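Chain and residue survey
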Amino acid sequence: MKIMRVEKTLVSTNRIEQLGHRPLLVVQEKIGGTRSVAIDAVGCIPGDWVICVGSSAARDAAGSKDFPSDLTIVGIIDHWEPDAPAAPATKPAASEAGAASGEKA
Amino acid sequence: MKIMRVEKTLVSTNRIEQLGHRPLLVVQEKIGGTRSVAIDAVGCIPGDWVICVGSSAARDAAGSKDFPSDLTIVGIIDHWEPDAPAAPATKPAASEAGAASGEKA
Amino acid sequence: MKIMRVEKTLVSTNRIEQLGHRPLLVVQEKIGGTRSVAIDAVGCIPGDWVICVGSSAARDAAGSKDFPSDLTIVGIIDHWEPDAPAAPATKPAASEAGAASGEKA
Amino acid sequence: MKIMRVEKTLVSTNRIEQLGHRPLLVVQEKIGGTRSVAIDAVGCIPGDWVICVGSSAARDAAGSKDFPSDLTIVGIIDHWEPDAPAAPATKPAASEAGAASGEKA
Amino acid sequence: MKIMRVEKTLVSTNRIEQLGHRPLLVVQEKIGGTRSVAIDAVGCIPGDWVICVGSSAARDAAGSKDFPSDLTIVGIIDHWEPDAPAAPATKPAASEAGAASGEKA
């Protein structure tokens, strides 16, 4: 499972029926890193550091073997200290995003 | 799920029967990034920023457990601001592609 | 699905029985890039740019749910212009391979 | 399977029911590298170098086809010499983490 | 499937029951590259260049749908010329490992 940080909710009005009305969250492995989209199965908010499961496990974790997810949030980490050099990491910090964005992107 | 941008339709006359006549779209994680091919399940057009699901979920999302897809477009993002430094990102921009192509490729 | 280029056939006499006598092809995401091995389900030749499916879909695409493939060629692209800076890309070009080999390898 | 090193236990009070009370461990491919979370199926301790299985195999390895894991520790390596240049690697070494953290992160 | 080179056998006394006594081999995509662990289904020896299958196919290839493998060796390549610049690549070469180890690691 990956350790990721919730950035915000993603609005997608035009979506396939199987997704239902489940909220889609934008998550990042590190502040300023590449953004992915995850299904929330625990009820988290922007700024939370969470555990995301991928592969076929993401589907069951989202509630059903048929749910079309490849990334599902399965837990909120009680306390996480990200290892980015100079990142407080508890709030969205736009200025830090630029510094880190070239590393994996 | 990944956030990707639709670049264009891909023509492949010689294909396996299971793909049927489903349109194949060229998508990119960022303008100038590596290109992948996705099955369109929502009806999108070049320039759209979309949500792509991979893994085994891509198959169900494409319409059936037996469909041979590992990347299916499951939603169109209402509004997306890509984080590339100097990328307007609403149209294919050949000059930017060169600048970014070395990062993950 | 990935866009890859067929380089050549791979000879593997000592193989598991489930692979049968299916041809194994060496493919690359870009000329000079990392080489992978794919099962050919469409009948392609060296130099072709093809669509490769991975994940569990690669198995069905290869002909059966039990076939041990994680990368199967499912279509030949009618016309493909690779985005490598200075690559004609229609024939194997040994001299270009060196220049690009360090990028993702 | 990947060769990873156990760093510590991860506390996640708010988690999906299917995870039960199974311990979650933070693992790294190399000291100072990106952190992942794995389910422990063998009983290991911080500092152990372990074998982690991913994909759908992680689920069965964790004890059941329905367990939502995409990374499960399936064995402890008797003796492992990591290939990082200047890393003794038998104990958590905070000072080394900084030096290596930019490589893949 | 990936083209990898067998480095050595890996000893893991403390392992999950489902792995049985199957030999575990350390493999690398290139000399000096990141090491992975694969299940041997063909009978290979250190120095062999082999074809490794991942994803769910690794399980069937290892002998059963329930075997917990995500990387299984399915064939030995009759003749392989690795593309590393200055690598003879037929024997373990410790001195070359250092030069290449930073590229993907």
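Look up a bit, the structure's there.
Below you will find a few notes about this structure. Keep in mind the model is a prediction, meaning the values are calculated, not measured. (Residues numbered from 1 in each chain as written. Chains lettered and ligands numbered in written order. Predicted model: local features only at pLDDT ≥ 70, side-chain atom pairs only at ≥ 80, totals over all residues. Heavy atoms only, no water.)

Time to look at the side chain of D70 of chain C. Here D70 of chain C lies in the loop between α1 (57-61) and β6 (71-76). In this structure, D70 of chain C is buried with no salt-bridge partner, the nearest side chain bearing the opposite charge being K2 of chain E at 7.4 Å. Among the polar contacts made by the side chain of D70 of chain C, one reaches the main-chain amide nitrogen of M1 of chain E at a distance of 2.6 Å. Once you skip the residues sitting within four places of it in the chain, D70 of chain C turns out to touch V53, G54, S55 and A58 of chain C together with M1, C52, V53, G54 and S55 of chain E. (Helix = DSSP H or I, 4+ residues; strand = E, 2+ residues; numbered from the N terminus. Buried < 20%, exposed > 50% of the residue type's maximum accessible area, 1.4 Å probe, protein only. Lys, Arg positive; Asp, Glu negative; His and termini not counted. Salt bridge = Lys/Arg side-chain N within 4 Å of Asp/Glu carboxyl O. Polar contact = N/O pair within 3.5 Å; in protein donor to acceptor, adjacent residues only side chain to side chain. Contact = heavy atoms within 4.5 Å.)

With that settled, consider the packing of aromatic side chains. In total, this model carries 0 aromatic pairs over all chains according to the counting rule given. The residue whose ring lies beneath R22 of chain D is F67 of chain D, and the NZ or CZ to ring-centre distance is 5.3 Å. (Phe/Tyr/Trp six-rings, centres within 6.5 Å; stacked < 30°, edge-to-face > 60°. Lys NZ or Arg CZ within 6 Å of the ring centre and 35° of its normal.)

Should the charged atoms of two oppositely charged side chains come close, the side chains can pair. One pass over the full model with this rule turns up 25 salt bridges over all chains. R59 of chain A serves as the salt-bridge partner of D60 of chain B, at 2.6 Å between the closest nitrogen and oxygen. With D60 of chain B in helix α1 (residues 57-61) and R59 of chain A in helix α1 (residues 57-61), this pair bridges two chains. D60 of chain B gets classed as buried once you look at its relative accessible area, which sits at 14%. Put simply, K65 of chain D and D66 of chain E hold a salt bridge, and the shortest N to O gap is 2.9 Å.

The transform that puts chain B on chain A rotates by 72° and translates by 0.0 Å along the axis, for an RMSD of 0.0 Å. When the rotation and shift are considered jointly, the pair of chain copies conforms to a five-fold rotation axis. Counting the interface residues of chain B, we find that no more than 7% of their copies in chain A are interface residues as well, pointing to two distinct contact surfaces. (Least-squares fit on C-alpha atoms with pLDDT ≥ 70 in both.)

Turning our eyes to something else, we now look at the interface of chain B and chain A. Counting from both sides, the interface comprises 27 residues of chain B and, opposite them, 29 residues of chain A. Summed over both partners, the interface of chain B with chain A buries about 2,200 Å², with 54% contributed by carbon and sulfur atoms. Counting every contact that joins chain B to chain A gives 2 salt bridges. The interface formed by chain B and chain A holds 12 residue pairs in polar contact (both at pLDDT 80 or more) in total. (Buried area = accessible area lost by both parts, 1.4 Å probe.)

Interface extent is often summarised as the accessible area lost during association of the parts. In this complex, chain A contributes 27 residues to the contact, which on the side of chain D involves 29 residues. The tally of links from chain A across to chain D stands at 2 salt bridges. For the pair chain A and chain D, the interface holds 12 residue pairs in polar contact (both at pLDDT 80 or more). Contributing elements (two or more residues each) for the side of chain A that touches chain D: β5 (49-54), α1 and β6 (71-76) of chain A. Its residues assigned to classes, the side of chain A that touches chain D shows 14 nonpolar, 5 polar and 8 charged. Of the strand pairs in this sheet, β6 of chain A and strand β2 (residues 14-15) of chain D are connected by 2 bridges, and their pairing is antiparallel. Following the sheet pairing, G75 of chain A is matched in β2 of chain D by R15 of chain D. (Nonpolar A, V, L, I, M, F, W, Y, C, P; charged D, E, K, R; others polar. Pairing = 2+ DSSP bridges.)

The subject of this paragraph is the environment of E7 of chain E. Residue and element names in this part refer to chain E. Assignment of secondary structure puts E7 in strand β1 (residues 2-10). As a C-alpha pair, E7 and G33 span 26 residues in sequence and 11 Å in three-dimensional space. Setting aside chain neighbours within four positions, we find E7 in contact with V26, Q28, R35 and P46.

We now examine the relation of the copies chain A and chain D. Screw-axis analysis of chain A against chain D gives a translation of 0.0 Å along the axis, an RMSD of 0.0 Å, and a rotation angle of 72°. Interface residue correspondence from chain A to chain D reaches only 7%, placing this contact among heterologous pairings that use different surfaces.

As a further point, take unusual backbone geometry. Residue and element names in this part refer to chain A. One non-glycine residue with positive phi stands out, namely S55, at about 60°. By the element assignment, S55 lies in the loop between β5 and α1. On the basis of relative accessibility, which here comes to 21%, the residue S55 falls in the partly exposed class.

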